[in-house]
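Per-entry structural report
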Amino acid sequence: MNFFFFIIPLTIIASTIITKFAVTDQFNEIKILDQEISILEGEIEKIRTDMTYTINPQNLKKINDEEFKLFPILEKDRLKLEN
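Structural notes, computed from the coordinates. (Residues numbered from 1 in each chain as written. Predicted model: local features only at pLDDT ≥ 70, side-chain atom pairs only at ≥ 80, totals over all residues. Heavy atoms only, no water.)

Brief notes about the overall build of the chain
Operational definition: Helix and strand definitions here come from DSSP, where helices need a minimum of 4 consecutive H or I residues and strands a minimum of 2 consecutive E residues; each element is numbered from the N-terminal end. Values of the radius of gyration come from C-alpha atoms, whereas the globule rule sets the reference at 2.2 Å times the count of residues to the power 0.38. We call a residue buried when its accessible area falls under 20% of the maximum for its residue type, exposed when it is over 50%, and partly exposed in between, using a 1.4 Å probe and counting protein chains only. Under the convention used here, Asp and Glu are negative, Lys and Arg are positive, and both His and the chain ends fall outside the count. Charge positions come from single atoms, namely NZ of Lys, CZ of Arg, CG of Asp or CD of Glu.
Within the chain, the regular secondary structure consists of two helices and zero strands. For 83 residues, the compact-globule estimate of 2.2 N^0.38 gives 12 Å, and the C-alpha radius of gyration of the chain, at 33 Å, exceeds that figure by more than 25%. Taking the principal axes of its C-alpha atoms as reference, the chain extends roughly 100 × 40 × 15 Å. Scored against the burial criterion, the 83 residues of the chain give a buried share of 2%. Looking at the chain, you have 10 positive and 14 negative side-chain charges, and the mean spots of the two groups are 7 Å apart.

Shown next, in the form of structure tokens:
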């Protein structure tokens, strides 16, 4: 009988300690993932800022003039397909 009174509290203490270590480990993983998410959000914000600057009409015109030299398709330039 004394054996059970010794084992039961020991089992409870051991399970409490194991649970605490498991929860602490999970919290650490969550912190690491939160840091990675913050880094990725910063990179996404930089990309959005760059895209906003790039798709500005003045910048698009400049890029087209310097690199692509494309002209808009006019109505008279369109081909008419006949069935």
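Right, picking up where we left off after that structure.
Focus: a nonpolar patch on the surface
Heads up, the rule is: A patch is a set of surface residues, each over 30% in relative accessible area and not in a salt bridge, joined within 9 Å for like charges and within 5 Å for the nonpolar side chains Val, Leu, Ile, Met, Phe, Trp and Tyr. Surface exposure here means Shrake-Rupley accessible area, sampled with a 1.4 Å probe, where a residue is shielded only by the protein chains that are shown. By definition, a salt bridge exists where a carboxyl oxygen of Asp or Glu is found within 4 Å of a side-chain nitrogen of Lys or Arg.
Together, F3, F4, I8 and I12 make up an exposed nonpolar region whose accessible area comes to about 450 Å². As for its position among the elements, F4 is in helix α1 (residues 2–54).

Description of the environment of S15
Assignment of secondary structure puts S15 in helix α1. For S15 and E36, which are 21 residues apart along the polypeptide, the C-alpha to C-alpha distance reads 32 Å.

A look at the side chain of N59
Applied cut-off: Residues count as neighbours in contact if any of their non-hydrogen atoms are within 4.5 Å of one another.
Relative to the helices and strands, N59 resides in helix α2 (residues 57–68). Ignoring any residue separated from it by four or fewer positions in sequence, one finds N59 in contact with Y53 and T54.

Points about the pattern of salt bridges
All told, the structure shown has one salt bridge when counted by the stated rule. When the shortest N-O distance is used, the salt bridge between K61 and D65 registers 3.2 Å. Of the two residues, K61 and D65 are both situated in helix α2; the distance of four residues between them amounts to about one turn of the helix. Judged by relative accessible area, K61 falls into the exposed class, the value being 55%. The class of D65 is partly exposed, set by a relative accessible area of 43%.

Comments concerning the environment of R78
Summarising the element assignment, R78 is placed in the segment after α2. Classification of R78 as exposed rests on a relative accessible area of 54%. Placed 16 residues apart in sequence, R78 and K62 show a C-alpha to C-alpha distance of 25 Å.

Some thoughts on unusual backbone geometry
With phi around 55°, K69 is a residue other than glycine that occupies positive phi space. For K69, the position within the fold is in the segment after α2.

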